[in-house]
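A look at the structure
These are the residues of each chain, in order.
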Amino acid sequence: MATSALGPVGVGPALDTYCRPSSPVAPGPFAKVLQQYLGQASAQQASADQAVLDLATGKTEEIHQVMLAVAKADLTFRTILEVRNRLTEAYQEISRMQV
C-alpha cells in the first residue's frame, strides 16, 4: 500500500493576509534584528527537520547529532516565545498607563 507524505493543511487564508500593515512601514533596527533572528530560527528548525528525516530514512545513524539539532531548534523556539511574551506584557503595561 502506497502512502503519501503529509503536508500543511490549508484551513483558510494565509496569516500574511491578516497581518499586513495598511501602509508600508520602513523597518527600523529592532525589526531588522528580529527578522534576522527569526530567519536563523527558521533555518535551525529546517536543519532539525532534515536531521530527523535523515535518521528516519536511514541516511544517518548519528543520533546524537540529530538530538543536538532538535535541542538547538527547541531552545531557539523557546527564546522567541519568551521574547514574544515579554513584548506582549510590555505592550499591555503601556496600554494600561494613564495619560
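Residues numbered from 1 in each chain as written. Predicted model: local features only at pLDDT ≥ 70, side-chain atom pairs only at ≥ 80, totals over all residues. Heavy atoms only, no water.

We now examine the confidence of the model for the protein. Predicted confidence across the protein gives a mean pLDDT of 82, with 74% of residues reaching 70 or more. At the low end of the mean pLDDT range in the protein sits helix α1 (residues 16-19), at 52; at the high end sits helix α3 (residues 63-96), at 94. (pLDDT = per-residue confidence, 0-100. Helix = DSSP H or I, 4+ residues; strand = E, 2+ residues; numbered from the N terminus.)

Time to look at the layout of surface pockets. Over the atoms rolls a probe the size of a water molecule, and its path tells where empty space is left. Taken as a whole, the largest pocket encloses approximately 180 Å³ of empty space. Taken together, Phe-30, Val-33, Leu-34, Tyr-37, Leu-38, Ile-80, Val-83, Arg-84 and Leu-87 make up the full set of residues lining the largest pocket. Sorting the residues of the lining of the largest pocket by element identifies α2 (29-57) and α3 as the ones contributing at least two each. Classifying every residue of the lining of the largest pocket by side-chain character gives 8 nonpolar, no polar and 1 charged. (1 Å grid on protein atoms, 1.4 Å probe; cavity = no way out; pocket = protein on both sides within 12 Å on 5 of 7 lines; lining within 4 Å. Points joined across faces, edges and corners; volume = space filled by probe spheres on them. Nonpolar A, V, L, I, M, F, W, Y, C, P; charged D, E, K, R; others polar.)

Compared with the 42 Å implied by 1.5 Å per residue over 29 residues, the 42 Å span of α2 between its first and last C-alpha is a close match. Along α2, the residues classified as buried are Ala-41, Ala-48, Ala-51 and Asp-54. Its buried side turned inward, α2 meets α3. Looking one or two residues beyond α2, the residue adopting positive phi is Gly-58, at roughly 85°. (Expected span 1.5 Å × (residues − 1). Buried < 20%, exposed > 50% of the residue type's maximum accessible area, 1.4 Å probe, protein only. Contact = heavy atoms within 4.5 Å.)

Judged by nonpolar contacts, Ala-48, Ala-51, Val-66, Ala-69 and Ala-73 together constitute the single largest core of 5 residues. Looking at this core, the elements that each hand over two or more residues are α2 and α3. Top element by residues in this core is α3. It accounts for 3 residues. (Core = buried A, V, L, I, M, F, W, Y, C linked by side-chain atoms within 4.5 Å.)

Relative to the assigned elements, Thr-76 resides in helix α3. In terms of polar contacts, Thr-76 uses its side chain to reach the side chain of Gln-44, at 2.3 Å. Contact partners of Thr-76, with chain neighbours within four places excluded, come to Tyr-37, Ala-41 and Gln-44. (Polar contact = N/O pair within 3.5 Å; in protein donor to acceptor, adjacent residues only side chain to side chain.)

The contact between α2 and α3 brings their axes to 8 Å, and the two run at 150°. What the angle tells us is that α2 and α3 run roughly antiparallel. Crossing of α2 against α3: the hand is left-handed. Facing α2, whose interface residues are Phe-30, Tyr-37, Leu-38, Ala-41, Gln-44, Gln-45, Ala-48, Ala-51, Val-52 and Leu-55, α3 presents Ile-63, Val-66, Ala-69, Val-70, Lys-72, Ala-73, Thr-76, Thr-79, Ile-80 and Leu-87. Counted by class, the contact of α2 with α3 contains 15 nonpolar, 4 polar and 1 charged residues. (Axes fitted to C-alpha atoms, helices over the stretch in contact; angles between N-to-C directions. Parallel < 35°, antiparallel > 145°, perpendicular 65-115°, else oblique. Left-handed = near helix turned anticlockwise from the far one by under 90°.)

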